[in-house]
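Close look at the chain arrangement
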Amino acid sequence: MAVISVRNLSRKFGDITAVDNVSFDVEEGAIFGFLGPNGAGKTTTINILCTLLLPTSGKASISGYDCASQPSDVRKSIGVVFQDSTLDKDLTAYENLLLHAYLYKLKRAVMKERIHDALHFVGLYDRRNDLVRKFSGGMKRRLEVVRGLLHRPRVLFLDEPTLGLDPQTRANLWEFIVKLPRTQNVTIFMTTHYMEEAEVCNRIAIIDNGKIIVAGSPDELKKTLGGDVVYIRTSDNRRARREIERLFNLDVSERDGEIYFTFARGDACIPGIIKTIGETVQSIRVQRPTLNDVFLKITGKEIREDALSSGDAVKEAVRAYRRRFDRG
């Protein structure tokens, strides 16, 4: 059953079409990845789903509620963890959750129990009376996630949830996040520029120039490359590209001083390469397809180029989110 349904959604800003006739569904209990380069339309789409923007045309609904005509019902159905922290650092962990409970008008009878359960769930109960400013980045992120779950939403939006965290903290946070659909009965809608993190998704949609250009499970998307990715560094890349294209009748690209191409079995093409241009070869590596390879082939850029480019848009979204949600 689809908990998020988007049909023919478009959003224009003057003559600019940010989202162009987009349609997709997110099944209940899934982890859904929404990826795209800077300016692709992902932030605009998410803002429409979170009721921060109205669409120019088309429909979007969450839990059966229309995002345009029933925004209050949609807001009660979602939790949001933005890229930039929205915790009040001058409040304790307990007070941050209590404020959220008041904003969502939770009944007093359930407030204390839910807050205590949330703090135990993320291992912060013993730090409940500490000011948030004393917390590490990972502790703050865990607190933000359970804050977003406090009112029992059906969908939790995570925008770059591990940005700025060290690798070990990122791994620990994802170990926690992937359990949420089962333990908290929630659907995850996430963006990330760490493509290895997107591997945890049940389904991924890649948007570019306002259109969803491919969607599927991580394995389905990687299979579209048709084989392994072979990377070669040579002393004469121009000649190497020409010779490999002639030898195997395929397209060869170049990036960061390496030429690369896709081959059904990467190791099988190496003898032919060595025989043809061996004297110019400096290094060869064969890599099983990754989501970053898929993203690069489809959009022509790596998602890391987009990692920090939407900060102003996110900050404005946070401000709008606070204003609208504070009004209930």
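Because the structure is a prediction, the values reported are computed rather than measured. Every chain begins its residue count from 1, and numbering advances along the sequence as written. Local features in this predicted model are restricted to residues whose pLDDT is 70 or higher, and side-chain atom pairs enter the listing and the counts only when it is 80 or higher, whereas totals over whole chains, interfaces and linings include all residues. Computation of side-chain values covers all heavy atoms of the structure but excludes hydrogens and water.

**Structural notes on the environment of phenylalanine 157**
Note the following rule: Here a helix means four or more residues in a row that DSSP labels H or I, a strand means two or more in a row labelled E, and each is numbered from the N terminus. Should any heavy atoms of two residues lie within 4.5 Å, those residues are counted as being in contact.
Structurally, phenylalanine 157 is set in strand E7 (residues 155-159). Note: C-alpha distance between phenylalanine 157 and lysine 42 (115 residues apart in sequence) is 12 Å. Beyond its immediate chain neighbours, meaning those up to four positions away, phenylalanine 157 contacts Ile4, Ile46, Leu49, Cys50, Ile62, Ile78, Gly79, Val80, Val81 and Phe189.

**With respect to the side chain of threonine 45**
Locating threonine 45 in the fold gives a position in helix H1 (residues 42-49). Beyond its immediate stretch of four places on either side in the chain, threonine 45 contacts Leu9, Val19, Phe24, Phe34 and Ile207.

**Some details on the sheet that holds strand E11 (residues 228-234)**
The condition is simple: We treat two strands as partners when DSSP finds at least two bridges between them. Under this scheme, a helix contributes an axis fitted over its contacting stretch, all axes are lines through C-alpha atoms, and angles between N-to-C directions fall in the 0 to 180 degree range.
Judged by pairing direction, the sheet is antiparallel, and its four strands sit side by side in the order E12-E13-E11-E14 without closing on themselves. Each edge of the open sheet is held by one strand with a lone partner, namely strand E12 (253-255) and strand E14 (281-287). On average, each strand axis in the sheet is inclined to that of its neighbour by 25 degrees, with strand direction left out of account. Across the face of the sheet, helix H9 (residues 237-248) comes into contact with E11, E12 and strand E13 (258-263) while running at roughly 15 degrees to E13.

**Focus on unusual backbone geometry**
In plain terms, the rule: Partly exposed describes any residue whose relative accessible area lies between the buried limit of under 20% and the exposed limit of over 50%, with all areas from a 1.4 Å probe on protein chains only and scaled to the type maximum.
One non-glycine residue, asparagine 21, lies in positive phi territory at about 55 degrees. Using a relative accessible area of 43% as the deciding quantity, one classes asparagine 21 as partly exposed. Even without glycine at this site, arginine 152 takes up a positive phi of about 60 degrees. Position of arginine 152 relative to the elements: it lies in the loop between helix H5 (137-149) and E7. Looking at arginine 152, the relative accessible area reads 44%, which means it is partly exposed.

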